[in-house]
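Reading the structure
Letter by letter, the chains look like this.
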Amino acid sequence: MPDTLVIQNVTLIDGSGAAPIERATIVIDGERIASVGRDASAAPGAEVIDGGGRWAVPGLIDTHVHAELVGHESLPVWLALGVTTIRDLGGALDFMVETRKLLTDGTLIGARLLFAGPMIDGDPPTWPALNLPTKDTNEALRAVDAALAAGADAIKLYTTMEPDVLRGCIDHVGGRVPVTGHLGRTLASEAMAAGINGLEHALLTPYNDFAPEEMRTAPGETMMSPGFWLKVNEGWLKADFASDGARRWIDLLVEKDVSFCPTLTVVPLAGDTPAEDELRYSPTVAQRWLEATQQREAGAIQIPPQMQERARATRVRLQELISMAHQAGGRIVSGTDTGAIRSLVPGYSLHRELAFLSGAGLSNMDVLRAATSRAAEALRRDDLGVIAAGKRADLLLLRRNPLDGVGALREIDRVVHDGKVFEPEKLLAGA
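Summarised in this report is the structure supplied together with it. In this text, all values refer to a predicted model and were calculated from it rather than measured experimentally. (Residues numbered from 1 in each chain as written. Predicted model: local features only at pLDDT ≥ 70, side-chain atom pairs only at ≥ 80, totals over all residues. Heavy atoms only, no water.)

1. Here we look at the overall build of the protein
Put simply, the rule reads: By definition, any uninterrupted DSSP run of H or I lasting at least four residues is a helix, any uninterrupted run of E lasting at least two residues is a strand, and each is numbered from the N terminus. The globule rule used for comparison is 2.2 Å times the number of residues to the exponent 0.38, while the radius of gyration itself is calculated over C-alpha atoms. Under the scheme applied here, a residue whose accessible area is under 20% of the maximum for its type counts as buried, over 50% as exposed, and between as partly exposed, the area being computed with a 1.4 Å probe on protein chains only. The contact criterion used throughout is that any non-hydrogen atoms of two residues lie within 4.5 Å. A 1.4 Å probe and the Shrake-Rupley method give the accessible areas. Residues count as covered only by the protein chains that appear here. We treat Lys and Arg as the positive residues and Asp and Glu as the negative residues; His and chain ends play no part in the count. Here the site of a charge means atom NZ of a Lys, CZ of an Arg, CG of an Asp or CD of a Glu.
Looking only at helices and strands, the protein features 15 helices and 18 strands. Taken against the 2.2 N^0.38 rule, which gives 22 Å for 431 residues, the C-alpha radius of gyration of the protein at 21 Å falls within 12% of a compact globule. Taking the principal axes of its C-alpha atoms as reference, the protein extends roughly 70 × 50 × 40 Å. Within the protein, the fraction of its 431 residues that count as buried is 56%. Across the protein, every contact between residues at least 6 apart in sequence was considered, and the portion connecting residues at least 24 apart equals 70%. Per element, the accessible surface of the protein, about 17,000 Å² overall, is 50% carbon and sulfur. Between the averaged position of the 42 positive side-chain charges in the protein and that of its 57 negative side-chain charges there is a distance of 1 Å.

2. Observations concerning the pairing of strand β5 (residues 55-58)
Definition in use: Only strands joined by at least two bridges in the DSSP assignment are considered to pair.
Here strand β1 (residues 4-12) runs beside β5; their pairing, made up of 2 bridges, is parallel. Bridge pairing in β5 links Thr-11 to Trp-55.

3. Quick notes on the sheet that holds strand β6 (residues 60-65)
Selection rule: Every axis in this analysis is a line fitted to C-alpha atoms, fitted for helices over the stretch in contact. Angles between the N-to-C directions lie between 0 and 180 degrees.
Strand order across the open sheet formed by 3 strands is β6-β7-β8, with parallel pairing between neighbours. On the outer flanks of this sheet lie β6 and β8 (112-115), each paired with one strand and no other. Direction aside, the axes of adjacent strands within the sheet are offset by 20° on average. When β6 meets strand β7 (residues 83-88), the two strands line up parallel, connected through 4 bridges.

4. Comments concerning the environment of Leu-187
By secondary structure assignment, the location of Leu-187 is in the loop between β12 (179-181) and α5 (188-194). C-alpha separation for the pair Leu-187 and Val-333, spaced 146 residues apart in sequence, amounts to 20 Å. Leu-187 has contacts with Asn-208 and Asp-209, leaving out every residue within four places of it along the chain.

5. A closer look at the packing of helix α3 (residues 137-149) against helix α4 (residues 163-173)
The geometry of a pair of packed helices is captured by two quantities: the angle between their axes and the separation between those axes. Applicable threshold: Two helices that cross are described as forming a left-handed crossing if the nearer one is turned anticlockwise from the farther one by less than a right angle, and a right-handed crossing if clockwise. Residues are grouped as follows: nonpolar covers Ala, Val, Leu, Ile, Met, Phe, Trp, Tyr, Cys and Pro; charged covers Asp, Glu, Lys and Arg; every other residue, Gly included, is treated as polar.
Running from N to C, α3 and α4 cross one another at 35°; their axes reach a closest spacing of 9 Å. Like other packed secondary-structure pairs, α3 and α4 cross with a definite hand, here right-handed. Contact with α3, carried on its side by Thr-137, Ala-140, Leu-141, Val-144 and Asp-145, involves Asp-164, Val-165, Gly-168, Cys-169, His-172 and Val-173 of α4 and no other residues of that element. Considered class by class, the residues forming the contact of α3 with α4 number 6 nonpolar, 3 polar and 2 charged.

6. A short note on the nonpolar core
This is how the line gets drawn: Note on terminology: a nonpolar core comprises buried Ala, Val, Leu, Ile, Met, Phe, Trp, Tyr and Cys residues joined through side-chain atoms within 4.5 Å.
Counting 104 residues, the largest nonpolar core has Ile-155, Leu-199, Trp-236 and Phe-260 as the members making the most contacts within it. With 6 residues, the single largest contributor to this core is α3. In this structure, Ile-26, Ile-33, Ala-393 and Leu-395 belong to the second largest nonpolar core, which totals 15 residues.

7. So, the pairing of strand β2 (residues 21-29)
Bridge count for β1 against β2 is 6 bridges, and the pairing is antiparallel. Bridging from a neighbouring strand, Leu-5 pairs with Ile-28 of β2. Here 5 bridges tie β2 to strand β3 (residues 32-37), and the two strands are oriented antiparallel to one another. For Thr-25, the partnering residue across the bridge sits in β3 and is Gly-37.

8. Digging into the pattern of salt bridges
Cut-off, in case you're wondering: Salt bridge, as used here, is a side-chain nitrogen of Lys or Arg placed within 4 Å of a carboxyl oxygen of Asp or Glu.
Counted by the stated rule, this structure contains 25 salt bridges. Taking the shortest distance from any N to any O, the salt bridge between Arg-112 and Asp-394 comes out at 2.6 Å. Remark: Asp-394 occurs in the loop between α14 (373-379) and β16 (395-398) and Arg-112 occurs in strand β8; sequence separation between them is 282 residues. Like Asp-394, Arg-112 is buried. The closest approach of N and O atoms between Glu-234 and Arg-310, which form a salt bridge, is 2.7 Å.

Everything listed here is a matter of coordinates, which is why it stays silent on function.
Written out as structure tokens, the structure is:
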């Protein structure tokens, strides 16, 4: 196979926000893009793909997944749905290191894997089986050092961590990798003031900054506490987005250059369900969903319609918050929490998330950027997220213009990942 790949006759939407370029040519040498534009050319003998009027966009990025919980079999599913990079924000270091090695040497086919390692929590931890509990700052710093020594691309701080420990972790990392947080005991505003780089989950991390004081979560309250989700929904429905505190929160997000990953796919009690075609391509998720369905049918789990309506109304309020942050100049990035929630299927869930971001008022171009260049900024990967000379050769050829509707991002003709060409149907057939 030639080392040079030439893709001709495409409308290029490069992910930077620039206007599309019609009849563009993309030249790829090995794993990198060599040149882009109407005048781009390559030496004789290159492999040539006639784009046939297709649209070329950067490969998509899911900045928040839990790959260990859906297994190696899900890696090609992400790729088939156009997701060329995933960032795992909570998994065992040995699994992450081994999986990245298998992807790098070609034993596994799938999206590029970045990882944070275990979620570093306070004591007691929120999820004893998944979180790494730390009793004090020294223990937390040892956990940070272990993750960085294993090659972690980020550090994730979790819900029961105290503010002073969180500040110590951020200072200790010293900007070597992004630090992001799913927070609770520490306010998101406190974390932003301390220099955190990312905030995960619009539903949870900003909650105590916005909910009426009497509805905020208590120090010992966690996601497993009775009535937790009902309380969170009601708190958001009563939140005052016009308050001085709300405006200060938005200003801090912009001023501190914090990446906000809303994961609107994660609204428990909303009754979200995966489509049947999705479940074919994630055996782990399918098994979990089957078990949950059996429990519901047996009467063990029932979500009343009015409860679902309140949860969906909460999602609308979160979309209002995202719109405010976006209009103020905040960085909104794509992420799903795939692996942690039964209804989220690798790859498919990102497209659901992009539809929710569109519903929050982001333009089709801004939604695309949230999943490409803006996501790459959050990851601090200047080699990803844009189709340009010198970048990694990750791109999608689409059958329809994504600027006419974000649903076009699912109509993928071919995926190019590190310069290799994949057909989505074949990836799914082998999954």
